[in-house]
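Chain residues, written in single-letter form:
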Amino acid sequence: LLYSITTVISIIVLYCTQIKESPEMKEKSSSFREIISLLKDKYLVYCIIVILLIVGIDVALNTSIPKLLMYRTGMILDEAALGTSLYFAARTIGTLIGAFLLMKLSSVKFLRITLILGVLAFITMMISSSLWILLASIALIGLACANVFSRVCSLALQHDMKHSNEISALMIMGVSCGALLSPLRGLITDISTFTTGMSAILISILIIGLISFKFKS
């Protein structure tokens, strides 16, 4: 019911919002080939990789956090599931804080700082067995990941405004990776250990951090 109400409110607000588009944007439609052809641009390839990974990280953490808390602290499932709520609450707060910080910092600098924070928090989470340290690390990871998707989409659009429609479609296609990283983490866990499986998420964050240094300030 809550999702339905939220969706209806979003539709009403969007319907009442005036969006000015150029005549070219209204008349032109993009083919799948045109969208894929943008991948010839290395900068956009970096952007789509980040989008693929950050969505995968979100989904993987959503399924991993309860098991992590159960594995490290002995919590029952009902209690451990609250760890996922903490992660997404931190993401929501991080988005709000990011909106204010981005008025002072450049998108690229902000992205690099938050990703460094995310890597340090994730490493702490991987090695700690203290409930409070684990919860603090989960919250910090949520804060670090909160603005990655929106910042990278913005950087991609600023890179090539002439193809903003195609770039938007390309970035949204990256959401599909949410169905890829979790099975990979599960496969590694089955072959090795739960902690080793979690390293797939850490590697993804590290890759995003390295790519962030390819972006223009």
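Residues numbered from 1 in each chain as written. Predicted model: local features only at pLDDT ≥ 70, side-chain atom pairs only at ≥ 80, totals over all residues. Heavy atoms only, no water.

Asker: Honestly, the environment of Ser192 in this entry has me stumped. Any pointers?
Answerer: You can see Ser192 is positioned in the loop between helix H11 (181–191) and helix H12 (194–212). According to the relative accessible area criterion, Ser192 is partly exposed, its value standing at 40%. (Helix = DSSP H or I, 4+ residues; strand = E, 2+ residues; numbered from the N terminus. Buried < 20%, exposed > 50% of the residue type's maximum accessible area, 1.4 Å probe, protein only.)

Asker: Where do I start with the environment of Ile5 in this structure?
Answerer: When you line up the elements, Ile5 lands in helix H1 (residues 2–15). The class for Ile5 is partly exposed, based on a relative accessible area of 44%. Along the chain, Ile5 and Met75 lie 70 residues apart, while their C-alpha atoms are 34 Å from each other.

Asker: I'm lost on the confidence of the model for the protein chain in this one. Help?
Answerer: Low-pLDDT stretches of the model should not have their predicted coordinates read in fine detail. For the protein chain, the mean per-residue pLDDT works out to 87, and 94% of the residues sit at or above 70. When mean pLDDT is compared element by element in the protein chain, H1 scores highest at 94, while helix H2 (residues 23–27) scores lowest at 58. (pLDDT = per-residue confidence, 0-100.)

Asker: What exactly am I supposed to notice about the pattern of salt bridges here?
Answerer: As a working rule, side chains carrying opposite charge can pair if their charged atoms are close by. Summed over all chains, the structure comprises one salt bridge. Residue Arg91 is joined to Asp58 by a salt bridge in which the shortest nitrogen-to-oxygen separation is 3.2 Å. Pair noted here: Arg91 is in helix H6 (residues 82–101) and Asp58 is in helix H4 (residues 42–73), with a separation of 33 residues, a long-range link. For Asp58, a relative accessible area of 16% corresponds to the buried category. (Salt bridge = Lys/Arg side-chain N within 4 Å of Asp/Glu carboxyl O.)

Asker: Hey, could you run me through the nonpolar core in this one?
Answerer: One recurring pattern in soluble globular proteins: nonpolar side chains tend to sit buried together. Ranked by size, the top nonpolar core spans 50 residues in total, and within it Ile57, Phe122, Met171 and Phe215 carry the most contacts. Listing elements by their share of this core, those giving two or more residues are H4, helix H7 (107–127), helix H8 (131–145), helix H9 (148–159), helix H10 (164–173) and H12. Here this core gets 15 residues from one element, more than from any other, and that element is H4. (Core = buried A, V, L, I, M, F, W, Y, C linked by side-chain atoms within 4.5 Å.)

Asker: What's the story with the packing of aromatic side chains in this structure? I'm lost.
Answerer: Two aromatic rings, taken as a pair, are described by how far apart their centres are and by the angle between their planes. Evaluated as defined, the whole model comprises three aromatic pairs. Seen from their ring centres, Tyr71 and Phe194 are 5.6 Å apart, and the 50° between their planes marks the pair as tilted. Remark: Phe194 occurs in helix H12 and Tyr71 occurs in helix H4; sequence separation between them is 123 residues. A residue is classified by how much of its surface remains accessible, and Tyr71, at 53% relative accessible area, is exposed. (Phe/Tyr/Trp six-rings, centres within 6.5 Å; stacked < 30°, edge-to-face > 60°.)

Asker: Hey, could you run me through a nonpolar patch on the surface in this one?
Answerer: A contiguous nonpolar patch, built from Leu1, Ile5, Ile9 and Val13 and spanning about 430 Å² of accessible area, is present on the exposed surface. If you trace the backbone, Leu1 turns up in the segment before H1. (Patch = residues over 30% accessible without salt bridge, like charges linked within 9 Å, V, L, I, M, F, W, Y side chains within 5 Å. Areas by Shrake-Rupley, 256 points an atom, 1.4 Å probe, with all protein chains shown as cover.)

Asker: Quick question: what am I supposed to make of the packing of H4 against H8 here?
Answerer: Axes are the key here: two packed helices are described by the angle between their axes and the distance separating the axes. Across the interface, H4 lies against H8 with an axial gap of 11 Å and an inter-helix angle of 175°. The angle between the axes of H4 and H8 places the two elements in the roughly antiparallel class. On H8, the residues touching Ile54, Ile57, Leu61, Ile65, Leu68, Leu69, Arg72 and Thr73 of H4 are Leu131, Leu134, Leu135, Ile138, Ile141 and Cys145. Its residues assigned to classes, the contact of H4 with H8 comprises twelve nonpolar, one polar and one charged. (Axes fitted to C-alpha atoms, helices over the stretch in contact; angles between N-to-C directions. Parallel < 35°, antiparallel > 145°, perpendicular 65-115°, else oblique. Contact = heavy atoms within 4.5 Å. Nonpolar A, V, L, I, M, F, W, Y, C, P; charged D, E, K, R; others polar.)

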